[in-house]
Structures are given as C-alpha cells and as structure tokens.
Amino acid sequence: MESPVRKYLHQLFNDTTAMDGGDLADYIPELAKADPEVFSIALTTIDGRTYSVGDDEREFTIQSISKPFAYASALTDRGLEAISAKVGVEPTGEAFNELSLEKGTNRPKNPMINAGAITIHSMLAEPDSSLEDRANHTVEFFSRLAGRKLEMDESVFRSELETADRNFALAHMLRNLGVFEEHAHQVVAGYVAQCAIKVNVRDLAVMGATLANRGMHPFTGERVASRDVARQVLAVMVSAGMYDASGTWFSDVGIPAKSGVSGGILGVLPGQVGIGVFSPRLDPKGNSVRGVNVFNKLSQDMGLHLLNAGIFGSNTIRSVSEGDDETVMRLQGVIQFSGAEAILHRMASLECDPGTMVFDLTKVTRLDAMARRMFLEGLRRLTADGHRVELIDPDEVLPDPDLGGSTYPIRRETP
Ligand code: GLU
C-alpha cells in the first residue's frame, strides 16, 4: 500500500510548485546564484520515519535556521541562567538585523535576531575559545542533531564575510556596550560560518524531530539536548522565528518555526514531527513563498495547529463500579494535570465507609510527572482514611508507587 502521508505530500508539492512569486536574497552575493526553482519538503516523525518529496538531497546553507540550534547548544553548555543574563526572549517588532536591545540591560531582545545570535555564538564552546573551536563545536552539535556529518559551504562563507559590514557593526556595538568581550571580527566570522553549514531538507526535518522529541534523537537515540532546552528553544521560535511575520504565522499555522534567507523553513510540532521545506524565493518578510504555503496547507489539512489542543481530562475515568465493600475505578489514556484533577475529584466524592478501592490502570498509556504526584497523593489520603487501596497496573505505568513511609498500594494481578 502506498502511504497516504507520502501521497498527500506529493499532492501538496505538485499544487505548490506553480507558485513562482518572490525573490532570491541577494545581499549575500553567493545566495543570488541559487536555482530559484528548487523545491523540497520533508517530514520526520519522532518515531524516526521520514517522508520527503522533491529535491530532498539538494544542500543549501542553513543561514538563520542555525539560530535556534546554536541557542540550544549554548543553553546546553552554559545553562539557562547564564544565557538569559545575556540574551532575552521578547519579540522585537523590528527587522532581524536591527540592533534591538532591551532598555536598561542592553541584552539583545532574542536569539533569533542577528544581535542575539551573534551574542549567542560568542558563548558557544568554552569561554576564550578560538574562532575555529567555536565553528567546529557548532558543526559538531548540528551534526549530532542531524545524525550525520555536516559541513560548511566555503564559498557562501567567504561571500558573506566579504559583505558582512552590518553584522560587524552590530558586533562592535555589542562589544562596546559590554554584552560580550570576545573579538568582534572573530565572533562574526564564527557566526557567518555557523550560517554557512550545509543541510538538505531531510536534515532539517530530522533536526526538528529531535527538538519535537524533547531533545532525544529519533534515529540515533542520543540525548542531544535536555527536555528543558528543547522547550526553551521552541518558545522563542514561537515568538520570533518568522521575522516580522511571526504573529501571523503562529495564528495561521500554529507550528513553532524558523526560516532563513536561503529559503529554508524549519517547523517543530512538539511530541509529533519535525518539518523542513526548501524553496529559495522569498516574500517581502523574508520567508520562502512556497514554504509558507506548504506550512499553511499542512497545518490546515493535517490539523497541526498547536493550539488545537485535544480535550484532556474529561475521559480519563473510563468507568466506576461501586459495590458493597469494593469500588473499582478504571482509568484510561494519557493522564495529565486535568485528568488527575478529575480522578481526585471523583475520589473525594466516593462516599463510602472504609473499604477496598481498586484502581485499574490497564488502559492507561502514561501519567506525566504532575499527574503521578497528584494520583499518588490521592492514594495516600485514601490509605490514611483507612481504605485498602489496590492497583492493577500490568504495564507498570505507575512504577514504584511509594505512598510515603514505605507504604505501597496492594498489587492485584487481574482486573
Ligand atoms: N547569515 C545571514 C545574516 O546574518 C542570516 C540571515 C537570515 O537567514 O535571516 O545576515
């Protein structure tokens, strides 16, 4: 059977190919030489399946899509507190290459604008690292995200460096204001090298899937970034990933994303997929024309808007049977805060003399950390009130159900 997902992507690709509006970025001379017709789409699930269409082996320079990944690297090396002291998380409402600094602290407003990304680059690897060390560190981290060895495009690197006056100016201002102490030219050269790392659209999808999978690589199984780092990066992508179109993008598409001047767009849908699209012609906001169309359609057709969150909690309790001296509560699905709240509410309303309370978790997929704490607290209180609490948990979705003081619920094997 041909996968309907693949078929859908082919259809989407064919429908979008006709769009030929937009212009190539030309402020980096080498980018103006790109083939404007190249087009590719890739989608990788957090289970590690990739679907792709079009010129999916064609490499292009990552440009600004490097910014969320460099941010992830710096957060991993230095921690959130040290990074937040230097770079904020607010949208700017200004162009990506403005010196948008927070009043009072002079922190660049976020890591997705050039001032923020140059500062982040200065914090990669070890303090006092050389230009080469930082550039190598970046390529190495990006390669781990992609699950293959990535390289830099020398000609794009040189082309941008020769015309990088504005980024040099930003770096000098930042250094003058004490935002970083490293050599301004060296930091810009390293940042330009970071932007010149070559990827194809499948790499973008896999790198995105690693963030979607809370920092764990979907193929290699390596933990490349922590869960907190992945979440922090996505938060900034939501507010500032799509240049001045970030608000419109999030309301229309609802997928944390980052785009770059070479025509790539990275999308990350937490817990589901990473998506890459490449087509070099850009709209007036600097985003790939076809890329924006692909994401809009994908989001609508596949229901990917992040704020289309499912209704949690209301169906966590499958059934409750109240007998004379035994009550059985059957639970189901993924249990989060609202599901645990519903269970606790129902527990509190079970008016019965101390008797046996059985909780059947056979159909529960997972309890998140907060739901686990809340549920165990409920069990602890029932025990303290004199109930005999029994658990049916064949798949151990609630491992080590310690109720405190070495008290455990009684295990019952069969429902
Ligand atoms: N290297 C580019 C610059 O700093 C990246 C810009 C972008 O992709 O937004 O100007």
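Procedures and definitions
- Residues numbered from 1 in each chain as written.
- Predicted model: local features only at pLDDT ≥ 70, side-chain atom pairs only at ≥ 80, totals over all residues.
- Heavy atoms only, no water.
- Near = heavy atom within 4 Å.
- Polar contact = N/O pair within 3.5 Å; in protein donor to acceptor, adjacent residues only side chain to side chain.
- Areas by Shrake-Rupley, 256 points an atom, 1.4 Å probe, with all protein chains shown as cover.
- Phe/Tyr/Trp six-rings, centres within 6.5 Å; stacked < 30°, edge-to-face > 60°.
- Helix = DSSP H or I, 4+ residues; strand = E, 2+ residues; numbered from the N terminus.
- Buried < 20%, exposed > 50% of the residue type's maximum accessible area, 1.4 Å probe, protein only.
- Axes fitted to C-alpha atoms, helices over the stretch in contact; angles between N-to-C directions.
- Left-handed = near helix turned anticlockwise from the far one by under 90°.
- Contact = heavy atoms within 4.5 Å.
- Nonpolar A, V, L, I, M, F, W, Y, C, P; charged D, E, K, R; others polar.
- Lys, Arg positive; Asp, Glu negative; His and termini not counted.
- Salt bridge = Lys/Arg side-chain N within 4 Å of Asp/Glu carboxyl O.
- UniProt positions renumbered as here; feature names shortened; annotations may be inferred.
- 1 Å grid on protein atoms, 1.4 Å probe; cavity = no way out; pocket = protein on both sides within 12 Å on 5 of 7 lines; lining within 4 Å.
- Patch = residues over 30% accessible without salt bridge, like charges linked within 9 Å, V, L, I, M, F, W, Y side chains within 5 Å.
- Charge placed at Lys NZ, Arg CZ, Asp CG, Glu CD.
- Core = buried A, V, L, I, M, F, W, Y, C linked by side-chain atoms within 4.5 Å.

Overview of the site of the ligand
Here is step 1: Around the ligand lies a shell formed by Tyr27, Gln63, Ser64, Phe96, Asn114, Glu160, Asn167, Tyr191, Cys195, Tyr243, Gly260 and Val261.
Here is step 2: Contacts to the ligand include Asn114, whose side-chain N or O atom sits 3.0 Å from an oxygen atom.
Here is step 3: In isolation the ligand has 300 Å² of accessible area, and contact with the protein removes 99% of it.

Focus: the packing of aromatic side chains
Here is step 1: Counting across every chain of the model gives six aromatic pairs.
Here is step 2: Between Phe69 and Phe142 the ring centres are 5.9 Å apart and the planes differ by 70°, which places this aromatic pair in the edge-to-face class. With a gap of 73 residues between them, Phe69 in helix α2 (residues 66-78) and Phe142 in helix α5 (residues 131-146) connect regions that are remote in the sequence.
Here is step 3: Note on Phe69: relative accessible area 0%, which makes it buried.

Some points on the packing of α2 against helix α8 (residues 184-195)
Here is step 1: Where α2 contacts α8, the two axes come as close as 10 Å, and the packing angle between them is 120°. Remark: the crossing between α2 and α8 carries right-handed chirality. Here α2 contributes Ser66, Lys67 and Ala70 to the contact with α8, which in turn contributes Tyr191, Gln194 and Cys195.
Here is step 2: In terms of residue class, the contact of α2 with α8 is built from three nonpolar, two polar and one charged.

Observations regarding the side chain of Asp368
Here is step 1: In this fold, Asp368 is placed in the loop between β10 (356-367) and α14 (369-384).
Here is step 2: No salt bridge is formed by the buried Asp368; its nearest oppositely charged neighbour, Arg366, is found at 5.7 Å.
Here is step 3: Ignoring any residue separated from it by four or fewer positions in sequence, one finds Asp368 in contact with Ile335, Gln336 and Phe337.

Some thoughts on the UniProt feature "binding site: substrate" (unreviewed entry) in the protein
Here is step 1: When the UniProt feature table is mapped to this numbering, "binding site: substrate" (unreviewed entry) covers Ser64, Asn114, Glu160, Asn167, Tyr191, Tyr243 and Val261. Lining residues of the largest cavity, restricted to the annotated ones just named, are Val261.
Here is step 2: Inspection of the secondary structure puts Asn114 in helix α4 (residues 114-122).
Here is step 3: Look past the residues within four positions of Asn114 in its chain and what remains in contact with it is Lys67, Phe96, Asn97, Asn167, Leu170 and Tyr191.
Here is step 4: With respect to the helices and strands, Tyr243 occurs in the loop between α10 (227-240) and α11 (246-252).
Here is step 5: Using a relative accessible area of 12% as the deciding quantity, one classes Tyr243 as buried.
Here is step 6: Apart from the residues within four sequence positions on either side, Tyr243 is in contact with Ser64, Phe96, Lys258, Ser259, Gly260, Val261, Lys285, Gly286 and Asn287.

Some details on the pattern of salt bridges
Here is step 1: Per the stated rule, a full pass over the model turns up 18 salt bridges.
Here is step 2: A salt bridge links Arg381 to Glu377; the nearest nitrogen and oxygen atoms lie 2.8 Å apart. Of the two residues, Arg381 and Glu377 are both situated in helix α14; the distance of four residues between them amounts to about one turn of the helix.
Here is step 3: The exposed category is assigned to Arg381, whose relative accessible area is 52%.
Here is step 4: Look at Glu377 and you get partly exposed, because its relative accessible area is 28%.
Here is step 5: When salt bridges with common partners are traced through the structure, they connect Glu59, Arg148, Lys198 and Asp203 into a single cluster.

Some details on a positive patch on the surface
Here is step 1: A cluster of basic residues, Arg214, Arg223, Arg227, Arg231 and Arg366, forms a positive patch at the surface.
Here is step 2: Relative to the elements of secondary structure, Arg214 occurs in the loop between α9 (201-212) and α10.

Some details on the nonpolar core
Here is step 1: With 43 residues, the main nonpolar core has Ile62, Phe69, Tyr71, Phe142, Met207 and Val233 as its most contacted residues.
Here is step 2: For this core, the secondary structure elements donating two or more residues are α2, α5, α9, α10 and β6 (264-269).
Here is step 3: Ranked by residues supplied to this core, first place goes to α10 with seven residues.
Here is step 4: The contacts of Met207, once residues within four sequence positions are left out, are Ile62, Phe69, Phe142, Leu145, Ala146 and Val199.
Here is step 5: Membership of the second largest hydrophobic core comes to 24 residues, among which are Leu9, Tyr51, Val53 and Val292.

Observations concerning unusual backbone geometry
Here is step 1: At Gln63, a residue that is not glycine, the phi angle is positive and equals roughly 50°.
Here is step 2: Along the chain, Gln63 turns up in the loop between β3 (60-61) and α2.
Here is step 3: Under the relative-accessibility criterion, Gln63 is labelled buried at 2%.
Here is step 4: A positive phi angle is found at Asp128, which is not glycine, with a value near 70°.
Here is step 5: If you trace the backbone, Asp128 turns up in the loop between α4 and α5.
Here is step 6: On the basis of relative accessible area, Asp128 is assigned to the exposed category, the value being 72%.

Let's talk about a negative patch on the surface
Here is step 1: A cluster of acidic residues, Asp77, Glu126, Glu132 and Asp133, forms a negative patch at the surface.
Here is step 2: The exposure class of Glu132 is partly exposed, given its relative accessible area of 49%.

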